[in-house]
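Summary of the model geometry
Residues per chain, in single letters:
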Amino acid sequence: MTLTHSCNTPWADNWLVDTGDEPPRHHGLSPFGKTVLEEMNRLGMIVDLAHVSVETMKVALSLSKAPVIFSHSSAYSLCPHRRNVPDDVLRMVASTGSLVMINFYNAYVTCSDTATLADVAGEADARVGWAGGQCPPRPAHPSPFVPADHMDHVKKVAGAQSVGFGGDYDGVT
(Lines give C-alpha, C1' and ligand atoms only; values in the text may rest on other atoms or scores of the structure.)
Protein backbone atom coordinates (compact mmCIF):
# COMPACT_ATOMS: atom_id res chain seq x y z
CA MET A 1 0.00 0.00 0.00
CA THR A 2 1.32 3.42 -0.90
CA LEU A 3 1.41 5.89 1.98
CA THR A 4 0.44 8.91 -0.18
CA HIS A 5 -0.30 9.89 -3.74
CA SER A 6 -0.13 13.49 -4.91
CA CYS A 7 -1.52 14.98 -1.73
CA ASN A 8 -0.69 14.74 1.95
CA THR A 9 -2.65 12.17 3.90
CA PRO A 10 -3.56 12.29 7.60
CA TRP A 11 -0.52 10.05 8.19
CA ALA A 12 2.22 11.03 5.68
CA ASP A 13 3.64 13.90 3.62
CA ASN A 14 3.75 13.48 -0.17
CA TRP A 15 6.42 14.43 -2.71
CA LEU A 16 4.85 17.83 -3.49
CA VAL A 17 6.12 18.98 -0.08
CA ASP A 18 9.64 18.81 -1.55
CA THR A 19 8.64 21.09 -4.46
CA GLY A 20 7.11 23.70 -2.15
CA ASP A 21 3.69 23.17 -3.75
CA GLU A 22 2.32 21.79 -0.47
CA PRO A 23 3.36 22.57 3.09
CA PRO A 24 4.61 19.72 5.25
CA ARG A 25 1.94 18.50 7.68
CA HIS A 26 3.81 15.80 9.54
CA HIS A 27 7.51 16.19 8.68
CA GLY A 28 7.45 12.58 7.53
CA LEU A 29 4.88 10.46 9.36
CA SER A 30 2.32 11.60 11.90
CA PRO A 31 1.97 9.58 15.13
CA PHE A 32 -0.96 7.84 13.41
CA GLY A 33 1.28 7.24 10.38
CA LYS A 34 3.81 5.49 12.57
CA THR A 35 0.98 3.28 13.83
CA VAL A 36 -0.13 2.61 10.23
CA LEU A 37 3.43 1.59 9.31
CA GLU A 38 3.70 -0.66 12.35
CA GLU A 39 0.37 -2.34 11.53
CA MET A 40 1.37 -2.81 7.88
CA ASN A 41 4.54 -4.52 9.10
CA ARG A 42 2.55 -6.71 11.49
CA LEU A 43 0.15 -7.77 8.74
CA GLY A 44 2.96 -8.43 6.24
CA MET A 45 1.81 -5.67 3.90
CA ILE A 46 4.32 -4.10 1.52
CA VAL A 47 4.93 -0.41 2.26
CA ASP A 48 5.25 1.64 -0.95
CA LEU A 49 7.13 4.96 -0.75
CA ALA A 50 6.86 5.94 -4.45
CA HIS A 51 4.89 9.13 -3.83
CA VAL A 52 6.21 10.34 -0.47
CA SER A 53 8.44 13.26 0.51
CA VAL A 54 12.13 12.68 1.20
CA GLU A 55 11.53 13.18 4.91
CA THR A 56 8.75 10.58 4.82
CA MET A 57 11.12 8.20 2.96
CA LYS A 58 13.73 8.55 5.70
CA VAL A 59 11.29 8.17 8.59
CA ALA A 60 9.60 5.12 7.05
CA LEU A 61 12.91 3.44 6.20
CA SER A 62 14.15 4.09 9.74
CA LEU A 63 11.05 2.73 11.45
CA SER A 64 9.92 -0.14 9.23
CA LYS A 65 10.67 -3.61 10.55
CA ALA A 66 10.52 -5.00 7.01
CA PRO A 67 11.97 -3.91 3.66
CA VAL A 68 9.90 -1.32 1.77
CA ILE A 69 9.54 -0.64 -1.95
CA PHE A 70 9.48 2.36 -4.23
CA SER A 71 7.14 0.79 -6.80
CA HIS A 72 7.80 3.36 -9.52
CA SER A 73 10.59 5.86 -8.84
CA SER A 74 13.97 6.56 -10.43
CA ALA A 75 17.36 8.01 -9.40
CA TYR A 76 17.29 11.67 -8.34
CA SER A 77 21.01 12.07 -9.15
CA LEU A 78 20.29 11.39 -12.83
CA CYS A 79 17.00 13.28 -13.06
CA PRO A 80 16.25 15.70 -10.22
CA HIS A 81 12.50 15.18 -10.21
CA ARG A 82 11.09 15.13 -6.67
CA ARG A 83 9.42 11.76 -7.27
CA ASN A 84 12.88 10.21 -7.60
CA VAL A 85 15.05 8.76 -4.84
CA PRO A 86 18.13 10.71 -3.65
CA ASP A 87 21.44 8.92 -3.06
CA ASP A 88 21.35 9.27 0.74
CA VAL A 89 17.99 7.47 0.69
CA LEU A 90 19.38 4.86 -1.72
CA ARG A 91 22.00 4.07 0.92
CA MET A 92 19.18 3.57 3.43
CA VAL A 93 17.45 1.31 0.90
CA ALA A 94 20.60 -0.84 0.80
CA SER A 95 20.92 -1.06 4.57
CA THR A 96 17.28 -2.15 4.99
CA GLY A 97 17.06 -4.67 2.14
CA SER A 98 14.51 -2.47 0.40
CA LEU A 99 13.81 -2.10 -3.34
CA VAL A 100 13.64 0.75 -5.87
CA MET A 101 11.69 -0.22 -8.98
CA ILE A 102 12.79 2.14 -11.75
CA ASN A 103 9.94 4.03 -13.37
CA PHE A 104 9.98 4.43 -17.13
CA TYR A 105 7.86 7.60 -17.21
CA ASN A 106 9.72 10.20 -19.29
CA ALA A 107 9.65 12.99 -16.72
CA TYR A 108 11.23 10.75 -14.06
CA VAL A 109 13.90 9.25 -16.33
CA THR A 110 15.18 12.14 -18.48
CA CYS A 111 13.36 15.11 -16.95
CA SER A 112 11.98 15.75 -20.44
CA ASP A 113 9.13 14.64 -22.68
CA THR A 114 10.99 11.69 -24.20
CA ALA A 115 12.87 8.64 -22.91
CA THR A 116 14.12 5.36 -24.32
CA LEU A 117 14.76 1.93 -22.83
CA ALA A 118 18.47 2.82 -22.83
CA ASP A 119 17.70 5.72 -20.48
CA VAL A 120 16.10 3.32 -18.02
CA ALA A 121 18.32 0.25 -18.24
CA GLY A 122 21.50 1.61 -19.77
CA GLU A 123 22.93 1.32 -23.23
CA ALA A 124 24.38 -2.18 -22.89
CA ASP A 125 21.32 -3.62 -21.15
CA ALA A 126 18.96 -2.23 -23.79
CA ARG A 127 20.91 -4.03 -26.51
CA VAL A 128 20.97 -7.47 -24.91
CA GLY A 129 19.37 -10.01 -27.20
CA TRP A 130 19.60 -7.86 -30.32
CA ALA A 131 19.10 -10.14 -33.36
CA GLY A 132 22.27 -11.25 -35.10
CA GLY A 133 24.50 -10.32 -32.18
CA GLN A 134 25.08 -6.85 -33.57
CA CYS A 135 24.25 -3.79 -31.51
CA PRO A 136 22.08 -1.22 -33.23
CA PRO A 137 23.55 2.28 -33.51
CA ARG A 138 22.64 4.43 -30.52
CA PRO A 139 20.48 7.38 -31.60
CA ALA A 140 21.40 10.93 -30.65
CA HIS A 141 20.11 11.58 -27.14
CA PRO A 142 18.36 14.82 -26.12
CA SER A 143 19.37 14.51 -22.47
CA PRO A 144 22.68 15.61 -20.95
CA PHE A 145 22.71 12.21 -19.18
CA VAL A 146 24.05 9.91 -21.92
CA PRO A 147 22.94 7.32 -21.06
CA ALA A 148 20.84 8.20 -18.02
CA ASP A 149 21.26 4.74 -16.57
CA HIS A 150 18.93 4.69 -13.58
CA MET A 151 19.13 0.97 -12.94
CA ASP A 152 22.90 1.02 -13.01
CA HIS A 153 23.01 4.06 -10.71
CA VAL A 154 20.76 2.42 -8.11
CA LYS A 155 22.84 -0.76 -8.43
CA LYS A 156 26.06 1.20 -7.83
CA VAL A 157 24.69 3.09 -4.82
CA ALA A 158 22.37 0.51 -3.20
CA GLY A 159 23.42 -2.82 -4.73
CA ALA A 160 21.96 -5.12 -7.37
CA GLN A 161 19.50 -6.61 -4.86
CA SER A 162 17.91 -3.16 -4.46
CA VAL A 163 16.87 -2.46 -8.07
CA GLY A 164 13.98 -3.57 -10.28
CA PHE A 165 11.59 -2.38 -12.99
CA GLY A 166 8.45 -0.48 -12.07
CA GLY A 167 5.80 1.56 -13.83
CA ASP A 168 2.56 3.43 -13.36
CA TYR A 169 0.78 1.37 -16.05
CA ASP A 170 -1.31 4.43 -16.84
CA GLY A 171 -0.67 4.78 -20.55
CA VAL A 172 3.05 5.58 -20.44
CA THR A 173 4.40 5.14 -23.96
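As the structure is a prediction and not an experimental result, all values here were calculated from the model. (Residues numbered from 1 in each chain as written. Predicted model: local features only at pLDDT ≥ 70, side-chain atom pairs only at ≥ 80, totals over all residues. Heavy atoms only, no water.)

1. Concerning the sheet that holds strand E2 (residues 99-102)
Read across the sheet, three strands follow the order E1-E2-E3 without closing on themselves; strand pairing throughout is parallel. At either margin of the open sheet sits one strand with a lone partner, and together these are strand E1 (69-73) and strand E3 (163-165). The sheet shows a mean angle of 25 degrees between the axes of neighbouring strands, direction not considered. As defined by bridge partners, E2 adjoins E3 across three bridges and the pair is classed as parallel. Within the sheet, the bridge partner assigned to Val100 lies in E3 and is Val163. Running over the sheet, helix H8 (residues 150-158) touches E2 and E3 and is turned about 160 degrees from E3. (Pairing = 2+ DSSP bridges. Helix = DSSP H or I, 4+ residues; strand = E, 2+ residues; numbered from the N terminus. Axes fitted to C-alpha atoms, helices over the stretch in contact; angles between N-to-C directions. Contact = heavy atoms within 4.5 Å.)

2. Remarks on the pairing of E1
Most of E1 is tucked away: five of the five residues are buried. Both E1 and E2 contribute to a ladder of three bridges, which runs parallel. If you follow Ile69 over to E2, its bridge partner there is Leu99. Handedness of the crossover joining E1 and E2 through helix H4 (residues 87-96): right-handed. (Buried < 20%, exposed > 50% of the residue type's maximum accessible area, 1.4 Å probe, protein only. Right-handed = clockwise from strand over helix to strand, strands pointing away.)

3. Quick notes on the confidence of the model for the protein
Confidence in the prediction of the protein, expressed as mean pLDDT, is 83, and 77% of residues score 70 or more. Within the model, the stretch residues 124-148 combines pLDDT values under 50 with 27 contacts to residues more than four positions away or in other chains. (pLDDT = per-residue confidence, 0-100.)

4. As for the pattern of salt bridges
With the rule as written, the count across this model stands at four salt bridges. Residues Glu39 and Arg42 are paired through a salt bridge, measuring 2.6 Å at the closest nitrogen-oxygen approach. Of the two residues, Glu39 and Arg42 both sit in helix H2 (residues 31-43), three residues apart, roughly one turn of that helix. Residue classification places Arg42 among the exposed positions, given a relative accessible area of 59%. In this structure, Asp88 engages Lys58 in a salt bridge whose closest nitrogen and oxygen atoms are separated by 2.7 Å. (Salt bridge = Lys/Arg side-chain N within 4 Å of Asp/Glu carboxyl O.)

5. Some thoughts on the state of the cysteines
This structure, assessed with the given rule, holds one disulfide. The side chain of Cys79 participates in a disulfide bridge whose partner is Cys111; the two sulfur atoms lie 1.9 Å from each other. Where Cys79 bonds to Cys111 through sulfur, the torsion about that S-S bond is close to 110 degrees, and the disulfide is right-handed. Here the residue Cys79 occupies a position in the loop between E1 and H4, and Cys111 occupies one in the loop between helix H5 (106-109) and helix H6 (117-121), the gap between them amounting to 32 residues. (Disulfide = S-S within 2.5 Å.)

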